[in-house]
Amino acid sequence: MTTFRDRSDVFAELGTKLSIAEIFETLVDGEVPIRFSAHDGSSTGPKDSTFGLEILNPRGINYIATAPGDLGMARAYIAGDMAADGIHPGDPYEILRAMGDLKFRRPSALALVTIARSLGWDALKPIAPPPQETVPRWRRIAMEGLRHSKTRDAESIHHHYDVSNTFYEYVLGPSMTYTCACYEDEGKTLEQAQENKYRLVFDKLNLKAGDRLLDIGCGWGGMVRYAAKRGVRVIGATLSAEQAEWGQKKVVEEGLSDLAEVRHSDYRDVRESNFDALSSIGLTEHIGVQNYPSYFGFIKSKLRDGGLFLNHTITRPDNTRTTRAGDFIDRYVFPDGELIGSGRIISDIQNTGLEVVHEENLRPHYALTLAEWCKNLVANWDACVEEVGEGTAKVWGLYMAGSRLGFERNVVQLHQVLGMKLGPNETWDVPLRPWWNA
């Protein structure tokens, strides 16, 4: 039986033109799971679907045809050339779930001829992407240097975190914590769960008043302030200028200046050492897998003998997949971000000469966290759009809802690994059994 995708090649030979819906079908690998329509009046997919996508103008199909996959779809949606029906742009989770495992395929040469003839050759000429998109990886080398150089890392962090502190306040809530919360149960609020996450890290590190903590990739200083309020002397380092300014201001406002500091600094430039503990909450994603040995070597160099460290990071569910993020995430959210399985992380920690004391997977907790962030974005949508623009607000809704789905489906996980720097006598310097509450 000849499928519609096969017919696109036949149509090329016959000189037949396709509608936009038919072109969309040639790009999709399998059935179209939701309603799809276009400005030429054509449509495909189940007519009774709760959700729909509508191409509003020629630029929308140009984006999809020239970059089949999540990048082209994202470009059309973010630019306002494709509308999503049945959802709020601050939380498109339900339509993403309904789309299931929608995959795109590269059309054959003959199919491309048909598409070009149907749309007109000019319609397939490359056009500028939305302004929220960063340049591809290969161009970043010329502009910002090699991956994970200090200059390029600073630019990547700037792209993601220096959006607007006010915007983050709307989305993240009062805790200003942009990492996975830890829920004692699903009835807890986001703020309670974020407080519990800091409590968990603090307790795992066996901290007490008078200890010294280094928090690298400290964000807006949530862990810094949590520990300082309990008598710990803390240095937090972040590459984001806006985070550092906001975090240090909070340190002063809360009367913690004698104990805490939030620095605008690359973690590699922290000169102090001999810390009792080190926390890294949401930084490893930006390090680069090939740089893990030097990263964990840095951690080891900053700890006293017997000191503990906590590494909290998003991971893959295994250690065999590509480490690079997909095109949408790389271009719009985390430039140069890389993920690998917890096994690789644990191996590199051990190979550095550090001992792994404990590890756990908080995957379901991140799905819950992302759902709450999307709720905040929806509740504050107008204010967020006014603050950063509709395109950027759409990026965040799409990214967070998609990530929630990823955690639910075990596409990604969240692992905390607790380690220790052994002393010269290799003595076990912590209680015999876990000393914290889950």
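What counts, and at which threshold
Residues numbered from 1 in each chain as written. Predicted model: local features only at pLDDT ≥ 70, side-chain atom pairs only at ≥ 80, totals over all residues. Heavy atoms only, no water. Helix = DSSP H or I, 4+ residues; strand = E, 2+ residues; numbered from the N terminus. Rg over C-alpha atoms; globule rule 2.2 N^0.38 Å. Buried < 20%, exposed > 50% of the residue type's maximum accessible area, 1.4 Å probe, protein only. Areas by Shrake-Rupley, 256 points an atom, 1.4 Å probe, with all protein chains shown as cover. Pairing = 2+ DSSP bridges. Contact = heavy atoms within 4.5 Å. Axes fitted to C-alpha atoms, helices over the stretch in contact; angles between N-to-C directions. Core = buried A, V, L, I, M, F, W, Y, C linked by side-chain atoms within 4.5 Å. Patch = residues over 30% accessible without salt bridge, like charges linked within 9 Å, V, L, I, M, F, W, Y side chains within 5 Å. Salt bridge = Lys/Arg side-chain N within 4 Å of Asp/Glu carboxyl O. Lys, Arg positive; Asp, Glu negative; His and termini not counted. Charge placed at Lys NZ, Arg CZ, Asp CG, Glu CD. 1 Å grid on protein atoms, 1.4 Å probe; cavity = no way out; pocket = protein on both sides within 12 Å on 5 of 7 lines; lining within 4 Å. Points joined across faces, edges and corners; volume = space filled by probe spheres on them. Nonpolar A, V, L, I, M, F, W, Y, C, P; charged D, E, K, R; others polar.

### Notes on the overall build of the chain
Thinking step 1. In terms of helices and strands, the chain carries 18 helices and eleven strands.
Thinking step 2. Radius of gyration (C-alpha) of the chain: 24 Å, near the 22 Å computed for a compact globule of 438 residues.
Thinking step 3. Its C-alpha atoms put the chain at 80 × 45 × 40 Å along the principal axes.
Thinking step 4. When burial is assessed residue by residue, the chain has 54% of its 438 residues classed as buried.
Thinking step 5. Carbon and sulfur atoms form 48% of the exposed surface of the chain, whose accessible area is close to 18800 Å².

### Re the sheet that holds strand β4 (residues 82-85)
Thinking step 1. Spatial ordering of the open sheet is given by β2-β1-β3-β4, a layout of four strands whose pairing is mixed. Each edge of the open sheet is held by one strand with a lone partner, namely β2 (43-44) and β4.
Thinking step 2. In terms of strand pairing, strand β1 (residues 35-38) meets strand β3 (residues 52-55) through four bridges, oriented parallel. Bridge pairing links Phe-36 to Leu-53 in β3.
Thinking step 3. In this fold helix α2 (residues 20-27) packs onto β1 and β2, with an angle of close to 130° to the strand it touches most, β1.

### Some thoughts on the nonpolar core
If you look at soluble globular proteins, the nonpolar side chains tend to sit buried side by side.
Thinking step 1. If you look at the biggest cluster of nonpolar residues, it comprises 71 residues, and the most contacted ones within it are Leu-53, Ile-95, Phe-328, Trp-373, Trp-396 and Met-400.
Thinking step 2. If you tally residues by element for this core, the top one is helix α18 (residues 390-408), at nine residues.
Thinking step 3. Met-223, Leu-310, Val-430 and Trp-436 belong to the second-largest nonpolar core, a separate cluster that totals 29 residues.

### What about the pairing of strand β8 (residues 275-281)?
Thinking step 1. Counting buried positions over the seven residues of β8 gives seven, a clear majority of the element.
Thinking step 2. Across four bridges, the pairing between strand β5 (residues 212-216) and β8 is parallel. Residue pairing across strands places Asp-215 opposite Ser-279, the latter belonging to β8.
Thinking step 3. Bridge count between β8 and strand β9 (residues 303-315): six bridges; the pairing is parallel. Paired with Ser-280 across the bridge in β9 is Asn-311.

### Looking at a negative patch on the surface
Thinking step 1. On the surface, Glu-169, Asp-382, Glu-386 and Glu-387 cluster together into a patch of negative charge.
Thinking step 2. At three residues, the largest contribution of residues to the negative patch is made by helix α17 (residues 381-388).

### Remarks on the pattern of salt bridges
Thinking step 1. What the rule picks out here adds up to 21 salt bridges.
Thinking step 2. Notably, a salt bridge pairs Arg-268 with Asp-266, separated by 2.8 Å at the nearest N-O pair.
Thinking step 3. The class for Arg-268 is partly exposed, based on a relative accessible area of 31%.
Thinking step 4. Because the salt bridges share partners, they merge into one network encompassing Arg-75, Glu-133 and Arg-331.

### Description of the layout of surface pockets
Thinking step 1. The computed volume of the largest pocket comes to approximately 1600 Å³.
Thinking step 2. What lines the largest pocket is a set of 45 residues, among which Asp-70, Phe-328, Ile-329, Gly-402 and Val-411 lie closest to the centre.
Thinking step 3. Broken down by element, the residue count for the lining of the largest pocket peaks at seven residues, all from α18.
Thinking step 4. Its residues placed into classes, the lining of the largest pocket shows 26 nonpolar, nine polar and ten charged.

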